[in-house]
Amino acid sequence: MKLSIGNLPQSLSDDALKDLLSKHGKVDQVAIKRDKITKVSLGYGTAEMPDEDAKKAIQALNGKEVEGKNIVVVNQEDLTKEANEAAKKKGSPAVAKPSFGRSQTGGGGMTGVQRRGGSRGS
């Protein structure tokens, strides 16, 4: 199972996160996301663990304080499902139809430019 881990302290290393998770079972992979230029932690990461071990880790670590911050540990599939459902409810730009300029009742076609009165060529 792939875990998504958030609100991590910037000083936490990949090895320290792996040690924290390994107390609850076998850890296959750990990665803390870092800034490409400065290599400073962005405060979140992922981990892969067998399903039963991951459930134990979620139960034990979600909300636990690590270096003064309460970390968040969730199943990444659940997080993705929730995000997709929220986007559908909200009518995210990926779901909604694009609107160009003003409505067509304002004149000027689909350009969004309103025409004003006056005569041409007199």
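Preceding this paragraph is the structure being described.
Cut-offs used in this document
- Residues numbered from 1 in each chain as written.
- Predicted model: local features only at pLDDT ≥ 70, side-chain atom pairs only at ≥ 80, totals over all residues.
- Heavy atoms only, no water.
- Helix = DSSP H or I, 4+ residues; strand = E, 2+ residues; numbered from the N terminus.
- Areas by Shrake-Rupley, 256 points an atom, 1.4 Å probe, with all protein chains shown as cover.
- Buried < 20%, exposed > 50% of the residue type's maximum accessible area, 1.4 Å probe, protein only.
- Patch = residues over 30% accessible without salt bridge, like charges linked within 9 Å, V, L, I, M, F, W, Y side chains within 5 Å.
- Salt bridge = Lys/Arg side-chain N within 4 Å of Asp/Glu carboxyl O.
- Lys, Arg positive; Asp, Glu negative; His and termini not counted.
- Charge placed at Lys NZ, Arg CZ, Asp CG, Glu CD.
- Arc of directions from axis to C-beta.
- Contact = heavy atoms within 4.5 Å.
- Pairing = 2+ DSSP bridges.
- Axes fitted to C-alpha atoms, helices over the stretch in contact; angles between N-to-C directions.
- Core = buried A, V, L, I, M, F, W, Y, C linked by side-chain atoms within 4.5 Å.

Visitor: Describe the overall build of the protein, naming the residues involved and giving the relevant values.
Guide: Across its full length, the protein holds 3 helices and 6 strands. Going from the N terminus to the C terminus, the protein shows its helices and strands as β-α-β-β-α-β-β-β-α. Only carbon and sulfur atoms are counted for the fraction: they give 49% of the accessible area of the protein, which is about 9000 Å².

Visitor: So, unusual backbone geometry: which residues are in play, and what are the values?
Guide: In this structure, lysine 39 takes a positive phi of about 65° despite not being glycine. Looking at the secondary structure, you find lysine 39 in the loop between β2 (29-34) and β3 (41-48). Look at glutamate 67: it is not a glycine, yet its phi comes out positive at around 50°. Residue placement: glutamate 67 occurs in the loop between β4 (65-66) and β5 (69-70). Classification of glutamate 67 as exposed rests on a relative accessible area of 51%.

Visitor: Please set out a negative patch on the surface residue by residue, giving values where relevant.
Guide: A surface patch of negative charge is lined by Asp51, Glu77, Asp78, Glu82 and Glu85. A per-element tally of the negative patch places helix α3 (residues 76-90) first, with 4 residues. Residue classification places glutamate 77 among the exposed positions, given a relative accessible area of 56%.

Visitor: Please provide a residue-by-residue account of helix α2 (residues 51-61), values included.
Guide: For α2, the full list of buried residues reads Asp53, Ala54, Ala57 and Leu61. The buried residues of α2 all sit within an arc of 100° when viewed along its axis, so they share a single face. More than 90 degrees from the buried face of α2, the exposed residues found are Glu52, Lys56 and Gln59. The inward-facing, buried residues of α2 abut β1 (2-6), α1 (14-22) and β6 (72-75).

Visitor: So, the sheet that holds β2: which residues are in play, and what are the values?
Guide: What the 4 strands build is an open sheet, ordered β2-β3-β1-β6; its pairing is antiparallel. Every interior strand has two partners, whereas the edge strands, β2 and β6, have only one. Shown here is a sheet whose adjacent strand axes are inclined to one another by a mean of 20°, direction ignored. Packed onto the sheet, α2 meets β1 and β6 and runs at close to 150° relative to β6.

Visitor: Before we move on, can you summarise the pairing of β2 with the specific residues and values?
Guide: Sheet faces and side chains relate simply in a regular strand, where the side chains alternate between the two faces. Pairing of β2 with β3, which is carried by 5 bridges, proceeds in the antiparallel orientation. Following the sheet pairing, valine 30 is matched in β3 by alanine 47.

Visitor: Got a sec to walk through α1? Specific residues and values, please.
Guide: Within an α-helix, residues lying three or four positions from one another point in the same direction, as the helix has 3.6 residues per turn. Among the residues of α1, Leu17, Leu20 and Leu21 are the ones counted as buried. The arc that holds every buried residue of α1, seen down its axis, measures 95°, which confines them to one face. Each element contacted by the buried residues of α1 is listed here: β1, β2, β3, α2 and β4.

Visitor: Give a detailed account of the nonpolar core, specifying residues and quantitative values.
Guide: Of all hydrophobic cores here, the largest spans 18 residues; its most connected members are Leu3, Ile5, Leu17 and Leu21. Of all the elements in the fold, those that place two or more residues in this core are β1, α1, β2 and α2.

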